[in-house]
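Structure at a glance
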Amino acid sequence: MKATSFFKLALVVVPFLFGGCKSKQAVVETPKPPTVEEMQQQTFLQKVNDNAQYAKFITSKVKFSIEVGVQRLTLTGNLKMKRDDCIRLQLMAFGFVEAGRIELTPEYVLIMDRINKQYLKATYSSVDFLRNSGLNFYTLQALFWNELFVPGQSKVTDELLKGMDADLSGEDAIISLENGKMQYRWLATKDMARIRMANIIYSDQFRGNTQLNWDYEDFRAMDRKFFPCDHHISFTTPDKEVKLGMMINYIKHDDGWDTRTDVSSSYREVSVDEILRRFMAL
């Protein structure tokens, strides 16, 4: 706490009143100790953060669904992730032909339509929602890996955890973090400290709110930790809503794959909407 005006005045006057004294004792403000509630919150947040995976690689078969309005598309595919380097979804048509690819790296977002030879490659700053919300690869990685995150940071340290709040009064714990127009929320089970939902809202009183909601279900043992195998994702803007689903099976830790995709010169660069229209037509 800051000193009161009277205390500030006293610090100036006292040395003059006792000017003959050669020794002076410094005034040190004692930090306020954390309350029991604050200590409980930090202990719980640490447990949630400690549930992060140890694995460097996570690979798996995936059943992938996309829903835009009344249109719905279901594909099988592969999920390949390398910690701090790449997240790749390969979408298969007819079970054996790669129809599309979504690749996230620290440098770019890549969406490829293999059937029609089209692609979108963009930096995070060029995608409106990602730029406005300050989200980057490491935030998206945390969402895929079922972890806490702090926008703009590559990892959540003990010091960064102190900037989060945890409400432990309900059936599930509610973890929250706010930054200007951004609101970040997580629901976590109080017994196992597992994140079962993440929610991000970007508030804009003129254009309307944009929201990302990510639900996690079906936690299965992976090494010494647990990993959610059923993901339900919805992305809502004032104009539309896109729903995504991922059902993960046969989790492995394969590392024999190239983490960067080279786009052939025969591919044409297009917008996100055009790629989605093509996928829905498959």
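Residues numbered from 1 in each chain as written. Predicted model: local features only at pLDDT ≥ 70, side-chain atom pairs only at ≥ 80, totals over all residues. Heavy atoms only, no water.

Observations concerning the overall build of the protein
Put simply, the test is: Think of it this way: any DSSP run of H or I at least four residues long counts as a helix, any run of E at least two long counts as a strand, and we number them from the N terminus. Relative accessible area decides the class of each residue, using a 1.4 Å probe on protein chains only: under 20% of the type maximum gives buried, over 50% gives exposed, and in between gives partly exposed. Should any heavy atoms of two residues lie within 4.5 Å, those residues are counted as being in contact. Accessibility throughout is a Shrake-Rupley quantity obtained with a 1.4 Å probe, and a residue counts as covered only by protein chains that appear here.
Counting its secondary structure elements, the protein contains six helices and 14 strands. Residue burial in the protein is summarised as follows: out of 282 residues, 42% are buried. Within the protein, contacts between residues separated by at least 24 positions form 48% of all contacts whose residues are at least 6 apart in sequence. On the protein, roughly 16600 Å² of surface is accessible, and the fraction owed to carbon and sulfur atoms is 53%.

What to know about the pairing of strand β13 (residues 241-252)
Which entries qualify depends on this criterion: A pair of strands is considered paired only if DSSP assigns at least 2 bridges between the two.
Pairing analysis gives nine bridges linking strand β1 (residues 57-68) to β13, with the strands arranged antiparallel. Note that in β13 the partner of V62 across the bridge is I248. The sheet contact formed by strand β12 (residues 225-236) and β13 spans seven bridges and is antiparallel. Directly across from H232, in β13, lies its bridge partner G245. The antiparallel pairing of β12 with β13 creates a hairpin that spans four residues between the two strands.

Description of the packing of aromatic side chains
Heads up, the condition is: When the centres of two rings from Phe, Tyr and Trp lie within 6.5 Å, Trp using its six-membered ring, the rings pair. Their planes under 30 degrees apart give stacked, over 60 give edge-to-face, and anything left gives tilted. When the NZ atom of lysine or the CZ atom of arginine is within 6 Å of a ring's centre and also within 35 degrees of its normal, the charge is said to sit over that ring.
Taken as a whole and assessed by the stated rule, the structure comprises six aromatic pairs. Aromatic side chains F57 and W257 sit 6.2 Å apart centroid to centroid with 80° between the ring planes, which places their arrangement in the edge-to-face category. With F57 in strand β1 and W257 in the loop between β13 and β14 (268-269), this pair connects stretches of sequence that are 200 residues apart. Across this residue pair, the class does not change: F57 and W257 are buried. Ring geometry for W214 against Y216: centres 6.3 Å apart, planes inclined by 25°, an arrangement best described as stacked. This pair shows no difference in class: W214 is buried, exactly as Y216 is. One aromatic cluster is present, formed by F144, W214 and Y216 through successive ring pairs. When the ring centre of Y108 is taken as reference, the NZ or CZ atom of K121 above it lies at 4.3 Å.

Quick notes on the side chain of T59
We count it as follows: In protein, a polar contact means a hydrogen-donor-capable atom and an acceptor-capable atom, both N or O and within 3.5 Å, with residues adjacent in sequence counting only if both atoms are side-chain atoms; elsewhere, any N or O pair within 3.5 Å suffices.
With respect to the helices, strands and loops of the structure, T59 is situated in strand β1. Of the residues examined, T59 reaches a relative accessible area of 5% and is grouped as buried. Polar contacts involving the side chain of T59 include one to the main-chain amide nitrogen of D254, which spans 3.3 Å. Those residues in contact with T59, other than ones at most four positions away along the chain, are L79, K80, Y250, I251, K252, H253, D254 and W257.

Section: unusual backbone geometry
Its identity is not glycine, yet N146 carries a phi of approximately 65°, on the positive side. Residue classification places N146 among the buried positions, given a relative accessible area of 11%.

Topic: the nonpolar core
So the rule is basically this: Among buried residues, the Ala, Val, Leu, Ile, Met, Phe, Trp, Tyr and Cys ones that are joined through side-chain atoms within 4.5 Å form a nonpolar core.
Of all hydrophobic cores here, the largest spans 57 residues; its most connected members are L143, F144, M164, I175 and W186. Here this core gets six residues from one element, more than from any other, and that element is helix α4 (residues 137-145). With residues near it in sequence (within four places) discarded, F144 still touches L79, M81, I87, L89, L104, W214, F227, H231 and M246. By size, the runner-up hydrophobic cluster in this structure holds five residues, among which are L110, M112, Y119 and Y267.

Quick word on α4
Within α4, eight of the nine residues are buried, which leaves the element mostly enclosed by the surrounding structure. For α4, the full list of buried residues reads F137, T139, L140, Q141, A142, L143, F144 and W145.

Comments concerning the pattern of salt bridges
Note the threshold: Salt bridges are defined by distance alone: a side-chain nitrogen of Lys or Arg within 4 Å of a carboxyl oxygen of Asp or Glu.
Under the counting rule described, the total for this entry stands at eleven salt bridges. Residues E67 and R72 are paired through a salt bridge, measuring 3.1 Å at the closest nitrogen-oxygen approach. Given a relative accessible area of 24%, E67 falls into the partly exposed group. The exposure class of R72 is exposed, given its relative accessible area of 54%. Of the charged contacts in the structure, one is a salt bridge between R196 and D172, with a shortest N-O distance of 2.5 Å. In this pair, R196 is assigned in strand β10 (residues 195-202) and D172 in strand β8 (residues 172-179), connecting sequence segments 24 residues apart. Judged by relative accessible area, R196 falls into the partly exposed class, the value being 34%.

Notes on the pairing of β12
For strand β11 (residues 210-222) and β12, the ladder comprises eleven bridges, and the chain directions are antiparallel. The partner of E217 across the bridge, within β12, is D230. The turn linking β11 back onto β12 is made up of two residues, and D223 within it adopts a positive phi angle of 60°.

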